[in-house]
Each structure stands twice: as C-alpha cells, then as structure tokens.
Amino acid sequence: MIEGRYSAWQPSLLRSLPKAKTTRSDNWQPMIIGSRPLTALILLVIFLALQFLIPARLVIGGMGAIGRPSVAIGLLLFFLWTLAFLTRRGLPDGAQPVRWIIGGYVAFQLFGYAVGIDRGLPEIEASSADRWIIFTFAMAGVALATADGMRTRHELDRLLRALVGFAAVMGVIGGLQFTQVVDITQYVRIPGLRLNAALIGVAERGGPGFPRVASTATHYIEFGVVLAMVLPLALHYALFATVRRQRVWRWLAVAVIAVGIPFSISRSATLAVGLALVLMLSVWPWRQRYNALVIAACAIAMFHVVQRGVLGTIKSLFANVENDPSVQDRIARTDYVFELWAERPWIGRGAGTFMPERYILLDNQLYMTLLEGGAVGLAALVVFFLAPYFVARSLRLRGADQETRHLAQALAVVLPVSLLASGTFDSFSFATFVGVLFVVIGAIGALWRIDGGGGGRRPLQVAALGDRLVATPWMANWSGAGRRSKSESLSTGCKHGLG
C-alpha cells in the first residue's frame, strides 16, 4: 500500500511534464514552487525590486555585507536552477552559451577560493572569502534563471521593462534627494533588516550648493553607473513603444534615468553614459543619429538652465584632474598595488580576500582582481565581460527583426560600459551594479535562445525598407551576406546608414 501510494511521487519544486512533451525545447516549462506557479520571472522581478527599492545598507541581521534580501533570492534561484539541471526537468534543451560563461566564472571563483585557503588566510580574510563565494552563487543563480527561465520574448521584455522601471524609481529617489525635497531612504525601516553601515545620505562635491546623491545605492558612483547601464535599455523600449500611453511613460523613464546620472556628480558615471550613447549611436542610421544628437544637445542645454552649475562641476572633475585629491590618491596607490601583485603574480592572493580595511582602498576593480586572481584572474575577468558582449553582437547582426537586433545592441552595450566603469571604481563590491550586470548577461542568453539566430545560425541581416532604427551591418556589404542581394543591401545601406 505504501509503495503504491508514493511510487508516483514527484518533487513539488518542478513542473512535471509527460515524457512525450519533453523531447522538444519549445514545450519545456520553467520551475515552480508549490501548487501555484512562482516562475523565474516573478522571482527575478522580486530580486530587482529588493535591489532597487531597499537602501543597499539595509541587510538581514547577522549576515553582514551579503545580507541584502536580494542575495537570498539569488541563492534561491541558484538552488532551483541546480535542481532543475540535475533532474533534467524545467530547463530548455539545446546549447546555451551563457551557461558556459557563468559556469566558467563560478569555477574560476572557486579556484580562487581554494588558492586563498591554501595560502593560509587570517580569520578576517577567510570570512571575506566565504561571503564572496556565497555572493557569487547568488549572482550566478540570477543570470542562469534569466537565461533559462524566460520562456518567451514577452516574458523577457517584461523583465527588462521591470529593470528600467525600478531604475527610474531609483532616479526619482535620487532626484528628491538632490532637490532636497525629501530623503526617502532615511525613512525606510523593514522588520528583520538593520543598517550594516550608516546611510550615505547627501554629500557635496565642487563646493557648497552642489550636492551629490546615491539614492538607494551603496555609493554615489554606483548610483550614476547603474543608471548609465540601464539607459540603453530604457531608450530601446521607448523607441519601440507602439501606443501613445506607452510612449509617454517610457520616455518619462528615459528622462528620469538620464537626469539622475549627473546628480551623482561622478566621473565614472559620465564616462559610462558617454560610452553607452556612442555605442548606441553606432547601430542607428544617420537620420536617427542626427535626431538623437539634436535632442541630446537641447536636453543638456535645458538641464544647464534648470540646474545651473552641475554640468560645470562635472566638467571640472575632468579639467582639474591634476589637482583632484581622489585622482592623485589613486595614482599614488599604483606602486603599492604592483608591490603586492609581485608577491603572487599569476594566481593571486585568493578570491574575495582583498579587504580595504586590512590593506588599502583601491577604487579600481581591475586592480583588485589583479591582486586577488593574479594575471590569470584579470584575463578571466576581461573574458567574462567580452564573451557575452560578442554573443549579444551576434544577435545584433543576425536577429530575426529590427526590434530584436536593437535590443541585442542595447544589451551588448552594458558589457563594455561595465568594463570601463570597473577600471574607475571597485564595481564588484557593489551589489546593485553586479545584480544589473548578471541580469543583463542572463537576458543575452535568453534572447540568444528565443531568437535562434545567434552564433552564425542565420545570415547577416541587412536593414529592410521599413527599418528606421537599426542600420545595415558593414560586414553584410563586405561579404554580400544577408537576406537580399549585395546590390540591394548597398542601396539600402546608403539610404538608411551603416553600423
């Protein structure tokens, strides 16, 4: 009786499908919890909400710096993805490059963890390494759940629009801080959470009357850089809005995010948004580029009139580099960095073991990775940024339609922007930055699978007559590849621009 009762038992964490329906990847079902679906999309939206809406320094008591509630969601996603992978149910079939990228990243962090343990770490560094590995698993869960948990393009768009929406809310909170209307972060108190450090609040840079704000981020730099990372996605969804109400709200989100970036008064954010816009311009036809430049010039002029002095202060950050103590301090630390690196040049001191409290504040993720992972670790980090970039670029070149190719470019842009920012501050020490980065990497994997044209599986796509936002790739004209003949692609390219 007992055997008959439980012989057909199935785990409740996964949706069980008849064997006849699991042979094709288009029939797979994502993981659920309990009797009602709690899909990867819902969990990821909750993750983003916790990342953007709760001040970064509010953590679960007793868990330290990794105690952000969003990290707990990431660990849950990693557990569910691993369970689905081991049971071969709940994951789509077929190749998925992001699995290899994230798998390689996690494997290298575990190798670095072993290097640190083998070195014989002091207790404080060992605890830091433990926290780093836990954080690594959480972020890997976010990326893998995004790559394998989005069944359709509609679900992927909903997730990315949620990312844009939460970034806009973050920008609004920063704007309220900047204008000194109210600092909402001072009033957020959640049972079970406590401050891991004092809230950063509003500071001044460039003299009295020029505040810089962090909104719900850990630091002013993170606030500006995260908004710069999300801006290309906000532009994408605004440009492809189909009805008037959509256009109003999506362009409002673009405006809020763009205006929030200078409120951080940060060189890193300025460089990040500059690179993001240049890379987006590269894919647009010439007419769209001219329109964008005119709109940007008018917006900058209007911002200068409304908030006088802010742009001048940002300009002075670059013009007076020789007299800026923060820049000079970073330059002065270079010799110290290379002295430490020379002690363990190839595989470093161990992942997550470089602590500013014990050594020195570097404000440079590339330097931190060089010390923790050595030359091999730094090379691996660069590959980690570049690999998903090229996956996304393959979709920009071969996507089935204009909207897919434009979204692929918007996602691809985030990777070089993140790499640039990582050379100007210790980016992987900031959970919101890392969370956005891993969601984007996962979204690249999801789009690669859903579209089905990346990796050379479809010829280079030239701009169709109705395409006004994505130009013909130069390579299509050089090779003669594409949906139409070379002569047709050349004439279309001359009309719509190349990029």
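Draft legend 1. Up close: the overall build of the chain. Counting secondary structure elements, the chain contains 18 helices and 4 strands. For the chain, buried positions account for 52% of its 499 residues. Taking all contacts inside the chain whose residues are at least 6 apart in sequence as the whole, residues at least 24 apart take part in 74%. Carbon and sulfur atoms make up 64% of the accessible area of the chain, which amounts to about 22,100 Å² in all.

Draft legend 2. Seen up close, the packing of aromatic side chains. Counted under the stated rule, the structure contains 18 aromatic pairs. Centre to centre, the rings of Phe-108 and Phe-111 are 6.0 Å apart; their planes meet at 55°, and the pair counts as tilted. One end of the pair, Phe-108, and the other, Phe-111, are both in helix H4 (residues 97-119), 3 residues apart, so they sit about a helical turn from each other. Looking at Phe-111, the relative accessible area reads 40%, which means it is partly exposed. One residue, Arg-289, lies across the ring of Trp-286, its end atom 4.2 Å from the ring centre.

Draft legend 3. Fine view of the nonpolar core. The biggest cluster of nonpolar side chains holds 119 residues, and the ones touching the most others in it are Ile-102, Phe-428, Phe-433 and Leu-437. In terms of residue count, the dominant contributor to this core is helix H7 (residues 220-239) (15 residues). Those residues within four positions of Leu-437 in sequence are excluded, and the remaining contacts are Met-229, Phe-384, Phe-385, Leu-415, Ser-418 and Phe-428. Judged by nonpolar contacts, the second largest core, of 7 residues, contains Val-337, Leu-340, Phe-354 and Tyr-359.

Draft legend 4. Quick peek at the confidence of the model for the chain. Residues with a pLDDT of 70 or more make up 79% of the chain, whose mean pLDDT is 81. pLDDT under 50 marks residues 32-36. Its contacts with residues more than four places away, or in other chains, come to 12 contacts. Taken together, the stretch residues 480-498 has pLDDT below 50 and engages in 48 contacts with residues farther than four places along the chain or on a different chain.

Draft legend 5. Here's a closer look at the environment of Asp-118. Mapped onto the fold, Asp-118 is located in helix H4. Residue class for Asp-118 comes out exposed when judged on its relative accessible area of 67%. Sequence separation between Asp-118 and Arg-349 is 231 residues, and the spatial gap between their C-alpha atoms is 9.7 Å.

Draft legend 6. How the structure looks around the side chain of Arg-212. Along the polypeptide, Arg-212 turns up in strand E4 (residues 211-212). Its relative accessible area of 9% is what places Arg-212 among the buried residues. A distance of 3.1 Å separates a polar side-chain atom of Arg-212 from the backbone oxygen of Ser-264.

Draft legend 7. Just the pattern of salt bridges, in detail. The tally for this structure, following the rule as stated, stands at 5 salt bridges. The salt bridge partner of Glu-125 is Arg-119, with a shortest N-O separation of 2.8 Å. Judged by relative accessible area, Glu-125 falls into the buried class, the value being 1%. With relative accessibility at 25%, the residue Arg-119 sits in the partly exposed group.

Draft legend 8. Quick look at unusual backbone geometry. Positive phi values are uncommon outside glycine, yet Gln-180 reaches one of about 60°. Within the secondary structure layout, Gln-180 lies in the loop between helix H6 (153-178) and strand E2 (193-195). Overall, Gln-180 belongs to the exposed group, its relative accessible area being 64%. Here the phi dihedral of Ile-265 falls at roughly 45°; this positive angle occurs in a residue that is not glycine. Positionally, Ile-265 belongs in the loop between helix H8 (244-260) and helix H9 (267-281).

Draft legend 9. Layout of the packing of helix H13 (residues 334-343) against helix H14 (residues 365-398). One can describe the packing of H13 onto H14 by two numbers: an axis separation of 9 Å at closest approach and a directional angle of 10°. Relative to H14, H13 is oriented roughly parallel. From H13, Thr-334, Val-337, Phe-338, Leu-340 and Trp-341 reach across to H14, where they touch Tyr-367, Leu-370, Leu-371, Gly-374 and Ala-375. Here the residues of the contact of H13 with H14 sort into 8 nonpolar, 2 polar and no charged.

Draft legend 10. Structural detail: the side chain of Gln-402. Its place among the elements puts Gln-402 in helix H15 (residues 402-422). With residues up to four places along the chain from it excluded, the contact list for Gln-402 reads Phe-240, Gly-466, Asp-467, Arg-468, Leu-469 and Val-470.

Draft legend 11. Structural context of H6. Given a rise of 1.5 Å per residue, 26 residues ought to cover 38 Å, and the 37 Å separating the end C-alpha atoms of H6 matches this to within 8%. Of all 26 residues making up H6, 19 are buried, and the element is well covered by its neighbours. Gln-180 lies just past H6 and shows a positive phi near 60°.

Draft legend 12. Expanded view of H13. Thr-334, Val-337 and Leu-340 are the residues of H13 that are buried. Down the axis of H13, the buried side of the element spans an arc of 130°, and every buried residue falls inside it. Turned more than 90 degrees from where H13 packs its buried face, Asp-335, Glu-339, Ala-342 and Glu-343 sit exposed.

Draft legend 13. Fine view of the packing of H14 against H15. Across the interface, H14 lies against H15 with an axial gap of 8 Å and an inter-helix angle of 165°. Relative to H15, H14 is oriented roughly antiparallel. Helix-helix and strand crossings are classified by hand; for H14 and H15 the assignment is left-handed. For the pair H14 and H15, contact is made by Gln-365, Leu-366, Phe-385, Pro-388, Tyr-389, Ala-392, Arg-393, Leu-395, Arg-396 and Leu-397 and by Arg-405, Ala-408, Gln-409, Ala-412, Leu-415, Pro-416, Ser-418, Leu-419 and Ser-422, respectively. A per-class count over the contact of H14 with H15 returns 12 nonpolar, 4 polar and 3 charged.

Conventions and cut-offs
- Residues numbered from 1 in each chain as written.
- Predicted model: local features only at pLDDT ≥ 70, side-chain atom pairs only at ≥ 80, totals over all residues.
- Heavy atoms only, no water.
- Helix = DSSP H or I, 4+ residues; strand = E, 2+ residues; numbered from the N terminus.
- Buried < 20%, exposed > 50% of the residue type's maximum accessible area, 1.4 Å probe, protein only.
- Contact = heavy atoms within 4.5 Å.
- Areas by Shrake-Rupley, 256 points an atom, 1.4 Å probe, with all protein chains shown as cover.
- Phe/Tyr/Trp six-rings, centres within 6.5 Å; stacked < 30°, edge-to-face > 60°.
- Lys NZ or Arg CZ within 6 Å of the ring centre and 35° of its normal.
- Core = buried A, V, L, I, M, F, W, Y, C linked by side-chain atoms within 4.5 Å.
- pLDDT = per-residue confidence, 0-100.
- Polar contact = N/O pair within 3.5 Å; in protein donor to acceptor, adjacent residues only side chain to side chain.
- Salt bridge = Lys/Arg side-chain N within 4 Å of Asp/Glu carboxyl O.
- Axes fitted to C-alpha atoms, helices over the stretch in contact; angles between N-to-C directions.
- Parallel < 35°, antiparallel > 145°, perpendicular 65-115°, else oblique.
- Nonpolar A, V, L, I, M, F, W, Y, C, P; charged D, E, K, R; others polar.
- Expected span 1.5 Å × (residues − 1).
- Arc of directions from axis to C-beta.
- Left-handed = near helix turned anticlockwise from the far one by under 90°.

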